[in-house]
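Per-entry structural report
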Amino acid sequence: MRQSERGQGTVEWVGVLCVVSLLRAGLVVAGVRVPGEGLARAVASRILCAAALADHCGDEPGLIAEYGDEVGRLVRVHMPTILFEKGSRAVPVDFRRCRESSCGDAAERGIVRRTQAGLPVTTFVHVVDCRPGAAEDSEAAGADCSGARAGNLYLQYWLYYADSATLRGVPIAGEEGYHRDDWEGVQVRIRPGGRVEARATSHNGFNERPGKVSGWASDAGVVPVKEAEEAVGLRSSNGWGPETGLLIVSGGSHAGNVAGVPDLERLTPGRSVHLVPLEPLANATDARFAVSAPWRKHAWHDPEAVDTH
């Protein structure tokens, strides 16, 4: 029986926090005002990097602090490379720093790691761990680990864009397809035997691949037709397919798939995407969006949800 590390530190992390706590206590005694958790995490991340407890001085320390060593590293490893449709400009960013196209657009070609305003390409992470030893904690936090979910580890990657324009370029109808804020994403499911599958958000549903037959019913939220497609093998069950290590993003709407053939001129390698644990923000932010935020979606609690609402 494995022990969950989520919400707890490894021995090294506990030692680091002790050092940071002593440092902060000393500063307070000296009469120096210091920030709280921000300073602790910043100092701890530097120490972790110096101690080679993370692969490099990137996101791993923060991911490990939030999810434990094993899951924190898996989150980093399974972040897919993002392939953007030809002609698109927007990239996912941190909503706390940017909610306008002026700061969220990047170059149209090449390997893109930052926006033209200098902000890093960013993805938010949510984990639902339904494995033995962790499922109880996940369910206590509101997750559904029942039935077919039991024994699986789910890694959810949520991408924020400043807006969405599904019908961009279409006369008259273009404005109808526009809305501020857009949350899209890709989810990874790791089964007990080690098999890894993935699916991406696509309008109202989840898809493995694009296409008029395989995706339209899911995109439109027509559940009976979607289920009929799955029954006759025209679509993979609930949108899950083999992990490809890719997230292919449509221009305008940002709808995704993980197995299509992209018409692209730019990409962001998975290792270059800045990853931010979303659980602490979901409990603390007062940000409001024109569409449902990830922590208000069915999939936040039910990793096998059939819709993106």
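What comes next concerns the included structure. (Residues numbered from 1 in each chain as written. Predicted model: local features only at pLDDT ≥ 70, side-chain atom pairs only at ≥ 80, totals over all residues. Heavy atoms only, no water.)

**A look at the pairing of strand 3 (residues 122-129)**
Counted residue by residue, strand 3 has eight buried out of eight residues, so it is predominantly covered. Burial along strand 3 is two-sided: the residues Thr122, Phe124, His126 and Val128 and Thr123, Val125, Val127 and Asp129 are all buried. Where strand 3 and strand 12 (residues 274-277) come together, four bridges link them in parallel fashion. Opposite Phe124, over in strand 12, you have Val276 as the bridge partner. Two strands pair when backbone bridges link them, and strand 3 and strand 4 (residues 153-165) are joined in this way by six bridges, in the antiparallel orientation. By the bridge assignment for strand 4, Val125 is matched with Tyr157. (Buried < 20%, exposed > 50% of the residue type's maximum accessible area, 1.4 Å probe, protein only. Helix = DSSP H or I, 4+ residues; strand = E, 2+ residues; numbered from the N terminus. Pairing = 2+ DSSP bridges.)

**Thoughts on the environment of Gly104**
Take Gly104: it is sitting in helix 5 (residues 101-104). A sequence separation of 16 residues divides Gly104 from Pro120, and the C-alpha atoms of the two residues are 9.4 Å apart. Gly104 has contacts with Arg89, Ala90, Val91, Val93, Cys98 and Thr115, leaving out every residue within four places of it along the chain. (Contact = heavy atoms within 4.5 Å.)

**Overview of the sheet that holds strand 11 (residues 264-268)**
Strand order in the open sheet formed by five strands is 2-11-1-9-10, with mixed pairing between adjacent strands. Bordering the open sheet on either side are strand 2 (110-111) and strand 10 (256-257), each of which pairs with just one other strand.

**Details of unusual backbone geometry**
Positive phi outside glycine occurs at His203, with the angle close to 60°. Along the chain, His203 falls in the loop between strand 6 (196-202) and strand 7 (205-207). Classification of His203 as partly exposed rests on a relative accessible area of 30%. The phi dihedral of His254 is positive, around 65°, even though this residue is not glycine. With respect to the element layout, His254 can be found in the loop between strand 9 (246-249) and strand 10. The class for His254 is buried, based on a relative accessible area of 7%.

**A closer look at the pattern of salt bridges**
Taken as a whole and judged by the stated rule, the model has 17 salt bridges. Across the pair Arg109 and Glu265 runs a salt bridge, and its minimum N-O distance is 3.3 Å. Placement of the pair is Arg109 in the loop between helix 5 and strand 2 and Glu265 in strand 11, with a sequence separation of 156 residues. Glu265 sits in the partly exposed class, given a relative accessible area of 28%. For Glu197, the salt bridge goes to Arg189, with nearest N and O atoms at 2.8 Å. Take Glu197 and Arg189: they sit in the same class, and that class is buried. Here the residues in one salt-bridge network are Arg189, Arg191, Arg195, Glu197 and Glu304, joined through shared partners. (Salt bridge = Lys/Arg side-chain N within 4 Å of Asp/Glu carboxyl O.)

**Remarks on the nonpolar core**
Counting 50 residues, the largest nonpolar core has Val75, Leu155 and Tyr157 as the members making the most contacts within it. Among the elements that make up this core, the one with the highest residue count is strand 4 (seven residues). Setting aside chain neighbours within four positions, we find Tyr157 in contact with Leu74, Val75, His78, Met79, Thr123, Phe124, Val125, Glu184, Gly185, Val186, Val188 and Leu275. Of all hydrophobic cores here, the second largest spans seven residues; its members include Val128, Cys130, Ala135 and Trp240. (Core = buried A, V, L, I, M, F, W, Y, C linked by side-chain atoms within 4.5 Å.)

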